[in-house]
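Below, each chain spelled out in residue letters.
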Amino acid sequence: MNLISKTSPSVGASQARPDALNKVMGHEKFAADYYGPRHLWAGVRRAGIPHGRLISVSTEAAKQVPGVKKILTHKDVNGSNRQGVIQKDQPVLVDDRIRHCGDALALVIAETSQALETALALISFEYEALPGIFTTAEAFQYGAPLIHPTHPGGNCLLSGQLVSGKGLEAFEACDAIVELTIDLPRQEHAYLETECGEAVYEKGELSIVVSTQTPFRDRAETAQAIGISPEKLRIIAPYCGGGFGGKDGITVQSLLGLAAMACPDVPIKMMWSREESFLAGPKRHAASLHYRLGAKQNGVFHALEVRADFDTGPYDHLGGAVLGLALEHAGGPYRIPHAAIQGKAVYTNNTIGGAFRGFGVPQVAAAMEQAVDLMAEKLSLSPLDIRMKNAVQKGDKIPSGTTLKTSTGIRECLARLKAHPLYREADAWKKKAPAHMLRGSGMACALHGMGYGPFVPDTAIAKLELTKQGRFKIYFGVVDMGQGNGVTFLQMAGDLLNQNYENLELVLPDTGLTLPCGSASASRSTYTFGNALIQAVETMKTRLTQRAADSLMVGDGDEFCFIPGHLRHLPTGREFPLAQLAALLGPEERITISRYRALASKETVTQDTALQMHGIPHTVFSYTAHLAHVEIDTLTGGITVCNYTAVTDCGRLINPDLYQQQMQGGIAQGLGYALYEDFITDKGRLLTANLSTYIIPGALDIPPMALSSVDLQENTGPFGMKGVGEICIDPVLPAVANAVADACGGGRCRQWPLTCERMLEILTIPVCPPGADMNRSLI
Amino acid sequence: MKLSFTLNHNALTLETEPDRRVIDLLREDLGLTGTKEACGEGECGACTIRVNKELRLACLMIAAQIEGCSIETIEGLAGPDQALHPVQEAFVQAGAVQCGFCTPGMVMAVTDLLEAIPDPDETQIRKALSGNLCRCTGYQKIMDAAQLAAKKENKCLP
Ligand code: FES
Ligand code: FES
């Protein structure tokens, strides 16, 4: 079928991703689909208690189960037995202390999944229970147990403060002040492919096929944790069945490695159940935010105070970096000359807080954008006008102190939104509310920085090969977890080389074949690798045309142009097949490699080296403005989002369809965050342990979405693009919050998500729902 | 037990435990990994197959239940020369596939819908998809794909 192969890739066009063909046929092999011959199953006994000192693990009974091959505990780990992206504070198998219910105590390898389950249930352990910490406030109470007794910050993983202008003092010069406190829940990624993989250890070499966002970092981390040299460890990352940040860090890798090394020469498979994924995987951080925003009478923002507490769970994971990004983005895309922004990421015995699409920004945007609406109301300005009045442009500083040095399109987004029918016709639509229904319209904005920030080099290495058959192979090391970066690389290379899809091939991330490219995260996949790839393509083009000129004994390389499968010599019209040219070149000559390192900011916005190390400040930002229309059923408290629109500045679109996909998916996740997804725990134990109690949006819950882009050129981006993978989710919750407040006379909820029950409460106690007494105007 | 059934139009007899989950039978024993498991308890629809032309969840069925039945999985949907089924084609063209892990189940659900209602409206499509979770797409392009597939099947489109 020629749905794709004969078309020519072109940047800027909506083109289907070639992997979709295999995916619709059920042929694409995800990590979950690897079943090696005579494979064994590996699984983990988890603690089920939130905090305790481990005394011993008893595996005798489990060993007697027929079909059980091996049972490992921490005593069998030869490496550091510690993993973690920034701080290595998480044990692979617990050796001293249990810090949350999902901690792994023992690893069982068995012939069948049934034998595995039976054995896991028979493992018991002795422990001394320790009091647990389940809120950030408890972590600082006098006499609170220390979750990591050697951590210099006590129960505080990281705290930091960004002060600009006169800081808090500036509130004295404000004509109007509003204040808001909200508590946000954890959010579960709920990717459809749970954490899984297959490993085999043969002749001293370990190879792991895994559902991951970070194959190269996995290699280093796993090698150290389990005691194998990195050269002996190969990580293979097929198309990933959803990641969203939850696979940005080790999940099954070290466990699988240990299992494989204990049972060499056979493939070992591990697949977390949905419950295990909920229990052991990271979550979006639960957060408490306190905001105070001050403005002049004319609506110009003057001062901002932010206090943000993030519950980071028992391990660092990426909690410090999440806090850093949250602080940098706390003031949104606005000019506010004076700000005091402080925050903490706090250790608790809850589930692990980690990376999740948005990376701290959805939390701060939730509070900031509601504060903006409160201020608009107080000063009788429209929500759009007050945003436009304060929106940043290039050269401005955002409240954290970061100077915006690259394309800055929030004003364009707002202007476009203002012209949108959903905005212009909002009042008419609201007036037509049926009986018992309230209607409201609300907006919210966000900005989102791309990449790792100034400290960790943000690099990708592209490799391009002209095969002997005259086709081009793109070796990319940055995982495609569904965002579609793979097809954008084909579009870029195909466009520059003027080749059809049938002449192009992708080699998926594999530490044995591709080169380090960093993680598929931080809205950087397409940007960073794309820049590296363009360079590799240009080098290839020059080399091939020059070699063609040499072998045809004609003038120079620039007399040639690429056509599908061939080079054409322009002066004579002669065609030179790429396969023929490839035959003239040695294997090294047929390969080009190029490394790109993203621009790092040279600006210092804080003297706090810990914050700098955690990624502040960024240089390239995307921007977005969202608008939601909601309808509230006053009898049931049910909220329906009827329409949704968003305008985004993410540079030039490489593939408009993919832009739509990212936006739609991000908005859907954001609506889940706002309305349904309540990850409830009780003393560290999950009360919403699976998809029947933790409700993610289904097809009936998502409104039609109208999305557009302002299509500004970002000069540092490949073909002018910027990342869109995260900004799509950042302002969804506050857009809903503002729409709900608009519908019901200013009622706002403190504890999110805004379930029907909470909505009913707001409706019965208008304007001042329980706990919302802080959400008010002060002057 | 000895189990006989038809799998994607081919008759098959094999030896298995009567309580083997159909999803394990398909994926692990028969190598048909197109049918996905994402919850194992009937919540997500990733394991959707058809049994005697009716949608079923392979994670909730055991081998003994499919004795003598006709089973269709995602792998059986394309034509003999791997020509895509119109629904599959529509998913590719409409951009309804992101990570692709929900896709086989979604394609099965839409195929089944269009056989029952050749020209469904938006609500009918949303309802038909309500048993299938997707965490990537926000469902809009899956809706588009269903509508496009309906047009293709009704020959309104080439
Ligand atoms: S795996 Fe069968 S419904 Fe989820
Ligand atoms: S495309 Fe990823 S879950 Fe649907």
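Residues numbered from 1 in each chain as written. Chains lettered and ligands numbered in written order. Predicted model: local features only at pLDDT ≥ 70, side-chain atom pairs only at ≥ 80, totals over all residues. Heavy atoms only, no water.

Pulling in residues and values, what's your account of the domain arrangement of chain B?
All names here are of chain B. For chain B, the assigned domains are domain 1 (2-77) and domain 2 (86-156). Centre-to-centre separation of domain 1 and domain 2, based on C-alpha positions: 21 Å. Facing 16 residues of domain 1, the contacting portion of domain 2 comprises 13 residues. Between domain 1 and domain 2 the total buried area reaches about 1,300 Å² when both faces are included, carbon and sulfur atoms providing 62% of it. Contact with domain 2 buries area across many residues of domain 1, yet Arg50, Ile74 and Leu77 alone supply 37% of it, more than any other trio. (Domains from an automatic or database assignment. Contact = heavy atoms within 4.5 Å. Buried area = accessible area lost by both parts, 1.4 Å probe.)

Quick one: what's the story with the sheet that holds strand S28 (residues 621-633) of chain A, residue by residue and with numbers?
Note on sheets: strands pair through backbone hydrogen bonds, and any given pair is parallel or antiparallel. All names here are of chain A. Taken together, four strands build an open sheet; the order of strands is S20-S28-S29-S32 and the sheet is mixed. Two strands lie at the open edges of the sheet, namely strand S20 (437-449) and strand S32 (705-709), each paired on one side alone. Along the sheet, successive strands turn relative to each other by an average axial angle of 15°, direction set aside. In this structure, S20 lies alongside S28, joined through 13 bridges in antiparallel fashion. Within S28, the residue paired with Gly449 across the bridge is Phe621. Along the sheet, helix H19 (residues 732-743) contacts S20, S28 and strand S29 (639-649); its crossing angle with S20, the most-contacted strand, is approximately 150°. (Pairing = 2+ DSSP bridges. Helix = DSSP H or I, 4+ residues; strand = E, 2+ residues; numbered from the N terminus. Axes fitted to C-alpha atoms, helices over the stretch in contact; angles between N-to-C directions.)

Just give me the short version of the packing of helix H2 (residues 86-94) of chain B against helix H3 (residues 103-116) of chain B, but keep the residues and values in it.
All names here are of chain B. Relative orientation of the contacting elements H2 and H3 amounts to 125°, with a least axis distance of 9 Å. With respect to their mutual orientation, H2 and H3 come out oblique. The element H2 and its partner H3 pack so that their crossing is right-handed. Contact with H2, carried on its side by Val87, Gln88 and Phe91, involves Thr103, Met106, Val107, Val110, Thr111 and Leu114 of H3 and no other residues of that element. Split by residue class, the contact of H2 with H3 holds six nonpolar, three polar and no charged. (Parallel < 35°, antiparallel > 145°, perpendicular 65-115°, else oblique. Left-handed = near helix turned anticlockwise from the far one by under 90°. Nonpolar A, V, L, I, M, F, W, Y, C, P; charged D, E, K, R; others polar.)

Residue-level account of the sheet that holds strand S2 (residues 52-58) of chain A, with values.
Residues and elements named next belong to chain A. Spatially, S6-S2-S8 is the arrangement adopted by the three strands of the open sheet, whose pairing is antiparallel. Edge positions in the sheet fall to strand S6 (97-98) and strand S8 (124-129), since each has one partner strand and no second. Across two bridges, the pairing between S2 and S6 is antiparallel. Following the sheet pairing, Gly52 is matched in S6 by Ile98.

Tell me what's going on with the domain arrangement of chain A, and back it up with residues and numbers.
Residues and elements named next belong to chain A. The domains assigned to chain A are domain 1 (2-30 + 459-597), domain 2 (34-130 + 195-271) and domain 3 (283-453 + 604-775). Each of domain 1 and domain 3 was reduced to a C-alpha centroid, and the two centroids are 38 Å apart. Taken residue by residue, the interface counts 27 residues in domain 1 and 22 residues in domain 3. With both sides pooled, the region where domain 1 packs onto domain 3 buries about 1,800 Å², and carbon together with sulfur makes up 60% of that total. In this assembly, domain 1 and domain 3 are joined by zero salt bridges. Our count for the domain 1 to domain 3 interface comes out at 12 residue pairs in polar contact (both at pLDDT 80 or more). For the side of domain 1 that touches domain 3, the elements supplying multiple residues, two or more each, are helix H14 (485-497) and helix H15 (525-552). (Salt bridge = Lys/Arg side-chain N within 4 Å of Asp/Glu carboxyl O. Polar contact = N/O pair within 3.5 Å; in protein donor to acceptor, adjacent residues only side chain to side chain.)

Please provide a residue-by-residue account of the nonpolar core, values included.
Core analysis: the biggest nonpolar cluster contains 226 residues, and Leu293, Phe472 and Phe529 of chain A together with Phe91 of chain B have the highest contact counts within it. Tallying contributions element by element places H15 of chain A first for this core, with 12 residues. Beyond its immediate sequence surroundings of up to four residues, Leu293 of chain A is in contact with Phe171, Ala176, Ile177, Val178, Phe301, Ala303, Leu304, Ile336, Met368, Ala371, Val372 and Met375 of chain A. Counting residues in hydrophobic clusters, the runner-up holds 34 residues, among them Leu40, Leu72, Ile235 and Leu258 of chain A. (Core = buried A, V, L, I, M, F, W, Y, C linked by side-chain atoms within 4.5 Å. Buried < 20%, exposed > 50% of the residue type's maximum accessible area, 1.4 Å probe, protein only.)

Explain the environment of Phe356 of chain A residue by residue, including any values.
Structurally, Phe356 of chain A is set in the loop between strand S19 (338-347) and helix H9 (361-378). The spatial distance from the C-alpha of Phe356 of chain A to the C-alpha of Arg748 of chain A is 25 Å, given a sequence separation of 392 residues. Among residues more than four places away in sequence, those in contact with Phe356 of chain A are Gln187, Glu188, His189, Phe244, Gly245, Arg284 and Gln669 of chain A together with Arg135 of chain B.

Before we move on, could you go through unusual backbone geometry and cite the residues and values that matter?
Residues and elements named next belong to chain A. Cis geometry marks the peptide bond from Ile616 to Pro617, where omega comes out at 0°. For Pro617, the position within the fold is in the loop between helix H17 (609-613) and S28. A cis amide bond links Trp752 to the next residue, Pro753, at an omega of 5°. Assignment of secondary structure puts Pro753 in the loop between H19 and helix H20 (756-764). A positive phi angle, close to 50°, is found at Ala190, a residue other than glycine. Following the sequence through the fold, Ala190 ends up in the loop between strand S11 (187-188) and strand S12 (196-202). Non-glycine residue Met553 carries a positive phi angle of around 55°. With respect to the helices and strands, Met553 occurs in the loop between H15 and strand S24 (560-563).

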